[in-house]
Amino acid sequence: MCAAGSPIVSALLRQNVLLRAGGVLRSWDPISSSLCPSPCKPNYSFEARAFASDAGASAPAATSQISHPKTVSDFQKLHEATKKKFQSKKLPSDVHPDAVFACNELDLSEVQVYGFDYDYTLACYKPILEDLLYNLAREMLVKRFRYPEDILQLEYEPNFAVRGLHYDVEKGLLVKLDSFLQLQLGSVYRGRTKVEADEVLKLYHNRLLPIAYVEGPNNSYRHNTNSKMVQLADLFSVPEMCLLCNVIEYFERNRIDYNPEIVFHDTRTAMGSCHPIMHGKVMRNTEKYIERNPKLVKFFEKLQQAGKNLFLVTNSPYSFVNCGMSFLVGANWRDFFDVVIVQARKPKFFTDESRPIRLFDERTQSHLWDRVFKLEKGKIYYEGSVRQLQELKGWRGHSVLYFGDHPYSDLADVTLKHSWRTGAIISELAHEIKTLNRKDFKMSANWLQMLTQLIEDTQDDDSEAAQICLKEWMEERDQLRNKTKNVFNEQFGSVFRTYHNPTYFSRRLFRFADIYTSDITNLLKFSTTHTFYPRRGVMPHEYASHFI
């Protein structure tokens, strides 16, 4: 089977996006198409038609038939005919940045209980928080770990990294993997310096990495201490990656010996240790760091009026959550929630059944040792486990829908072990979709697809003329691939895809989340009986095809 007819490409040519705008439900139905002639064999007949831009009007067709090209000129004409056909195509409709995307069918009428994480789910932070975390961790590296003071001069670069990358603790490289564990060449960095493809292949001996190297010998979805790689899967890890790469870059440029694994663990420890300091600064100036979301109260009210139960499970301390929720919802925010659990220590909250739940004393800011026999509305609870939550409230299985931003610590265990339904809040999605909707991106992606098909249909022609043109076309394809990558992020491209495959992050997101969206309040567009329907094997946020 040729590439255009493969399951991956077919999947990328379909989508299902549901949103409600202006009170009218709109749906882009999936479109399945293939650029590959049938049967799949070299075919040099291309027909190029040019259409006028006026609605409903078309110019006389300019048809060019090229069969059995033999000379360089013939192949060049074939390229020109393909490009004319590309230029005649209508580009796809825009995808709505506030839409909700389905990975698995989800009937909200079956959901009685809505659960939420706090950080980057209910509370979304302004970019300045990343600067704060970076600066605090950088200072801690120098003062606590005695790193060179020159590191204090290394500034945060917010556009350097994206979430979902892997750090190779053995080789000291920041890499991007696709869903097949393939390295994306051109997106491998030692410090802030790109590692060229030849060196990457020399280091790894292959572009495709063994699963044990990435995930450890037990192939767990969570990081194993025996694996060589650590995935940085939440938004708090973005400044961590930048600091890590800045420090390594400093060591490399100054020819200072270092151990990549020690630098990683020092950076991670520094970043984790500065969170309490960050909490204090955010509480003193909440508006500076947290984005206001006026729709949040309406969303909670809608769920409450529909008779739904709400609960909050977060790793953050109560004082921090109370400050943020009071800012976002009001002083009475706890009235919306049937259960509030703080410092839950996820993912252990979902995996460790022996940790008892405690009542939190707001006066002493500590927990009480009395055994908890029931979970009461208006009270705050501390640590515990999902087993106790389910037993004390009777909330189980598909009647529970839990939202979080982290595919592993928030969503993996509850869907795999407890059969909860899950929703991921991926704030970068809005930016990604806005980029997908740009005309220049649609044009580049369209032409890349058609040029790749032309190359595929020509590659088995071993004539000198064909090989000369194939070399030129491959160079053009490489330029297009880099162009469609760099428009998202110059170093690592899109969070959701490599050059053509879904990323490792996407694979896990689509596995552990039934639905995903950029903001929790995007669900206001839908009734509490709405059913989200997926299209199997699809990256749902992309448009139906590269052209219509």
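Residues numbered from 1 in each chain as written. Predicted model: local features only at pLDDT ≥ 70, side-chain atom pairs only at ≥ 80, totals over all residues. Heavy atoms only, no water.

- Labelled according to an unreviewed UniProt entry, the chain appears under the name 5'-nucleotidase domain-containing protein 3 isoform X1, originating from Drosophila mauritiana.

### Looking at the packing of helix α14 (residues 407-416) against helix α18 (residues 504-512)
When two helices pack together, their arrangement is given by the angle between the helix axes and the distance between those axes.
In step 1: Between α14 and α18, the shortest axis-to-axis distance is 9 Å and the interhelical angle comes to 40°. Relative to α18, α14 is oriented oblique. The handedness of the crossing between α14 and α18 is left-handed. Of α18, the residues touching α14 (which contributes Pro407, Tyr408, Leu411, Ala412, Thr415 and Leu416) are Tyr504, Phe505, Arg508, Arg511 and Phe512.
In step 2: Residues belonging to the contact of α14 with α18 are distributed by class as follows: eight nonpolar, one polar and two charged. (Axes fitted to C-alpha atoms, helices over the stretch in contact; angles between N-to-C directions. Helix = DSSP H or I, 4+ residues; strand = E, 2+ residues; numbered from the N terminus. Parallel < 35°, antiparallel > 145°, perpendicular 65-115°, else oblique. Left-handed = near helix turned anticlockwise from the far one by under 90°. Contact = heavy atoms within 4.5 Å. Nonpolar A, V, L, I, M, F, W, Y, C, P; charged D, E, K, R; others polar.)

### A few points about the UniProt feature "active site" (unreviewed entry) in the chain
In step 1: The feature "active site" (unreviewed entry), as annotated in UniProt, sits at Asp117 and Asp119 in this numbering.
In step 2: Looking at the element boundaries, Asp117 is found in the loop between β5 (113-116) and α3 (128-143).
In step 3: Setting aside residues no more than four positions away along its own chain, Asp117 makes contact with Leu122, Leu312, Val313, Thr314, Lys346, Tyr402, Phe403, Gly404, Asp405 and Asp410.
In step 4: As for its position among the elements, Asp119 is in the loop between β5 and α3.
In step 5: With residues near it in sequence (within four places) discarded, Asp119 still touches Tyr125, Phe236, Thr314, Ser316, Phe320 and Asp405. (UniProt positions renumbered as here; feature names shortened; annotations may be inferred.)

### Quick word on the nonpolar core
In step 1: Residues Phe116, Leu129, Phe300, Phe311 and Phe337 are the most contacted members of the largest nonpolar core, which totals 140 residues.
In step 2: The biggest single contributor to this core is helix α6 (residues 237-253), with 10 residues.
In step 3: Excluding residues that lie within four positions of it along the chain, Phe116 makes contacts with Leu122, Phe299, Phe300, Leu303, Leu310, Phe311, Leu312, Val313, Phe337, Tyr402, Phe403 and Ile520.
In step 4: By size, the runner-up hydrophobic cluster in this structure holds 15 residues, among which are Phe86, Leu448, Leu470 and Leu480. (Core = buried A, V, L, I, M, F, W, Y, C linked by side-chain atoms within 4.5 Å. Buried < 20%, exposed > 50% of the residue type's maximum accessible area, 1.4 Å probe, protein only.)

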